[in-house]
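Residues per chain are reported as follows:
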Amino acid sequence: NTPHVELAKELEDRGHNVLLVNYQPTSEMMVIDFAKKIKNRLPDNIKLHSLKLSETATSYAQWYASDNE
């Protein structure tokens, strides 16, 4: 096992929810992934407009549907 998989297993054993992804988990990459997952679960009559993922009070990533059409 690689170190990140061992760490994930240890965190899960301690009761944490862990999700391994096949990309570098930056806020920018995560917000794109979240948007895709949310859009796939929405009914046809509802469209995702935007997302904002905050890291700190002043650091965040935003995703807008209009920029990704």
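Every chain is numbered on its own, with residues counted from 1 as its sequence reads. For a predicted model such as this one, the threshold for reporting local features is a pLDDT of at least 70, and the threshold for listing and counting side-chain atom pairs is 80 or more; totals across whole chains, interfaces and linings nevertheless cover every residue. In computing side-chain properties, one takes all heavy atoms of the structure into account and sets aside hydrogens as well as water.

Enquirer: Quick one: what's the story with helix α2 (residues 27-41), residue by residue and with numbers?
Expert: Secondary structure elements are defined from DSSP: runs of H or I of at least 4 residues count as helices, runs of E of at least 2 residues count as strands, and each element is numbered from the N terminus. In this scheme, a helix's expected span is set at 1.5 Å multiplied by one less than its residue total. Along its 15 residues, α2 runs 21 Å from first to last C-alpha, staying within 8% of the 21 Å computed at 1.5 Å per residue. Note on contacts: a residue pair qualifies if any of its non-hydrogen atoms lie within 4.5 Å across the two residues. On the buried face of α2, the contacting elements are β1 (50-54) and β2 (60-64).

Enquirer: How would you explain the packing of aromatic side chains if you had to name every residue and give the values?
Expert: Classification of ring pairs uses Phe, Tyr and Trp, with its six-membered ring standing for Trp, and accepts pairs whose centres are within 6.5 Å; under 30 degrees between planes counts as stacked, over 60 as edge-to-face, and the remaining range as tilted. Evaluation of the coordinates by the stated rule reveals zero aromatic pairs. Of note, K52 hangs over the ring of Y60, and the distance from its end group to the ring centre comes to 4.2 Å. Charge-over-ring contacts are defined here by two conditions on Lys NZ or Arg CZ: a distance within 6 Å of the ring centre and an angle within 35 degrees of the ring normal.

Enquirer: Kindly report on the environment of A8, identifying the contributing residues and their values.
Expert: Along the chain, A8 falls in helix α1 (residues 3-13). Between the C-alpha atoms of A8 and E28, which are 20 residues apart in sequence, the distance is 22 Å. Ignoring anything within four residues of it in the chain, the contact list for A8 reads V18 and L20.

Enquirer: Describe the pairing of β1, naming the residues involved and giving the relevant values.
Expert: Every other side chain in a regular strand lies on the same face of the sheet, so the side chains alternate between the two faces. For every residue, the accessible area (1.4 Å probe, protein chains only) is compared with the maximum for its type, and the residue is labelled buried under 20%, exposed over 50%, or partly exposed between those bounds. Every second residue of β1 is oriented toward a common face, the buried set being L51 and L53 and the non-buried set S50, K52 and S54. For two strands to count as paired, DSSP must find a minimum of two bridges between them. Where β1 hands over to β2, the hairpin turn is made up of five residues, counted between the paired strands.

Enquirer: Now, about the pattern of salt bridges: what can you tell me, with residues and values included?
Expert: Any Lys or Arg side-chain nitrogen located within 4 Å of an Asp or Glu carboxyl oxygen qualifies as a salt bridge. Overall, the coordinates contain three salt bridges when judged by the stated rule. Where R14 meets E10, a salt bridge forms, and the shortest distance between an N and an O atom there is 2.5 Å. For R14, a relative accessible area of 62% corresponds to the exposed category. Residue classification places E10 among the partly exposed positions, given a relative accessible area of 39%.

Enquirer: Any details on the nonpolar core? Residues and values, ideally.
Expert: Grouped together as the largest cluster of nonpolar side chains are eight residues: V31, A35, L48, L51, L53, A61, W63 and A65. Listed by contribution, the elements that provide at least two residues to this core are α2, β1 and β2. Residues within four places of W63 in sequence aside, it is in contact with V31, I32, A35, K39, L48, H49, S50, L51 and N68. Here the nonpolar core consists of buried residues drawn from Ala, Val, Leu, Ile, Met, Phe, Trp, Tyr and Cys, with membership extended through side-chain atoms lying within 4.5 Å.

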